[in-house]
Amino acid sequence: MTSRLCVLAAGGTGGHMFPAEALARELADRGWRIVLATDKRGEAYAATFPAEEHLALNAATGSGAVALVKAGAAILGGVRQARSAFNRLNPDIVVGFGGYPSAPALLAAISQGLPTAIHEQNAVLGRTNRLLASRVDAVASAFPTLERASARVKRDARVVGIPVRPAIRALYETPYPTPKAGGPIELLVTGGSQGARILAETAPRALADLPEPLRARLRVAQQSRPEGVEAAQAVYADAGIQAEVQPFFADMAERLARTHLVIGRAGASTCAELAIAGRPAVLIPLAIATNDHQTLNARLLTDVDAAAVIAERELTPERLSAVLADWLADPEALTRRATAAHAVGLPHAAAALADLVEATVGC
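Residues numbered from 1 in each chain as written. Predicted model: local features only at pLDDT ≥ 70, side-chain atom pairs only at ≥ 80, totals over all residues. Heavy atoms only, no water.

Description of the environment of A239
Then, number 1: Mapped onto the elements, A239 comes out in the loop between α10 (229–238) and β10 (242–246).
Then, number 2: Relative accessible area serves as the criterion here: at 12%, A239 is assigned to the buried category.
Then, number 3: Sequence separation between A239 and R337 is 98 residues, and the spatial gap between their C-alpha atoms is 28 Å.
Then, number 4: Beyond its immediate chain neighbours, meaning those up to four positions away, A239 contacts A208 and R215. (Helix = DSSP H or I, 4+ residues; strand = E, 2+ residues; numbered from the N terminus. Buried < 20%, exposed > 50% of the residue type's maximum accessible area, 1.4 Å probe, protein only. Contact = heavy atoms within 4.5 Å.)

Considering helix α12 (residues 268–277)
Then, number 1: A large share of α12 lies buried, amounting to 8 of its 10 residues.
Then, number 2: Taken together, the buried positions of α12 are A268, C271, A272, E273, L274, A275, I276 and A277.
Then, number 3: Of the surrounding secondary structure, the elements contacted by the buried residues of α12 are α7 (166–169), α11 (252–257), β11 (261–264), β12 (281–283), α13 (293–302) and α15 (331–343).
Then, number 4: One or two residues past the end of α12 sits G278, with phi positive at roughly 70°.

Focus: the sheet that holds strand β13 (residues 307–309)
Then, number 1: Strands sit in the order β10-β9-β8-β11-β12-β13 across an open sheet of 6 strands; the sheet is parallel. For this open sheet the edge positions go to β10 and β13, each flanked by a neighbour on one side alone. When the angles between neighbouring strand axes are averaged without regard to direction, this sheet yields 15°.
Then, number 2: Pairing of strand β8 (residues 185–189) with strand β9 (residues 218–223) involves 5 bridges; the strand directions are parallel. (Pairing = 2+ DSSP bridges. Axes fitted to C-alpha atoms, helices over the stretch in contact; angles between N-to-C directions.)

Some details on the pairing of strand β6 (residues 138–141)
Then, number 1: The two faces of β6 match: A138 and A140 on one face and V139 and S141 on the other face are all buried.
Then, number 2: In terms of strand pairing, β6 meets strand β7 (residues 158–159) through 2 bridges, oriented parallel. If you follow S141 over to β7, its bridge partner there is V159.
Then, number 3: Between the parallel pair β6 and β7, the chain is carried across by helix α6 (residues 151–156), and the sense of this crossover is right-handed. (Right-handed = clockwise from strand over helix to strand, strands pointing away.)

Examining the side chain of N122
Then, number 1: As for its position among the elements, N122 is in the loop between β5 (116–120) and α5 (127–132).
Then, number 2: Only 2.9 Å separates the side chain of N122 from the side chain of N297, close enough to count as a polar contact.
Then, number 3: Contact partners of N122, with chain neighbours within four places excluded, come to F143, L146, A268, H293 and N297. (Polar contact = N/O pair within 3.5 Å; in protein donor to acceptor, adjacent residues only side chain to side chain.)

Describing the confidence of the model for the protein chain
Low-confidence regions, as indicated by low pLDDT, have predicted coordinates that should not be scrutinised in detail.
Then, number 1: Taken residue by residue, the protein chain gives an average pLDDT of 91. The fraction at 70 or more is 91%.
Then, number 2: The low-confidence segment residues 63–69, where pLDDT is below 50, has 2 contacts with residues more than four positions distant or belonging to other chains. (pLDDT = per-residue confidence, 0-100.)

What follows is the structure, encoded as structure tokens:
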């Protein structure tokens, strides 16, 4: 019997590509063949994507009349490319992960009567998914909240979580390492793969403002833009804080396993990974995120008191230092927050999404 074929449509950012890759691996383990439909930006994340073929489809977005006309023309071209490819491949289903690069493949599949599904990674339905949600056969969501969706889409959407990397998934079985009295406290400061500038500058100053006995116990691992590494290291050194500052950490799962508290953004994958790993956090949602979706993402953790949120416009070294001093002074409270985070984690998201794909096809 010929194995079934799934086309995964994703691109633009790692936030779209990584969940698609996790689903690809789960489906491949079940005997499916995988084809990736993406754009030029998505190809940057596709080196390890387990697909037998990559479809490079035209896609674009923009604002303003001229840009929108050009984007529409690009998407129509991508739809024609996808229809031609699907005539050749005859896929059993096309699954989109949001973002404008997923639009051509999904529109082509809908026009050809192929089974379709979308996965929304944020707590707010994104623009592309919002336009297509009522036309696809199945909608999967990462969070119980799904703002900007119609009543019917909200009613029918299946909450599956966000498929995460296997190394992060393994942390679900790893107990939280409660800080010992007088012992080291491990902090992880993130902000995306290149490190958010505002966090890279604010976190060192906030930690330097902590009382000296607490500073002496800190072990900090911080992501920073390359141009900010030396400045951050200097602040830490002057404050007597042991710190490792790098633009990128390849061993994020290992670092998260020994971390007591995370300081970072509130991207969908970040919130999902914190819940699965069971780690308390102080989160600073990206102010320019569309529909303020990062603040809504953070509710997964703030609703159970597993995270504190500081709005970017209110972020100062003094404000962050006050929150950290309060949280780090109470190891038992950190452990309760870690337990609360763990309780809302969905470690089987890839399997749940694969089940939905197979149910949509009629397996």
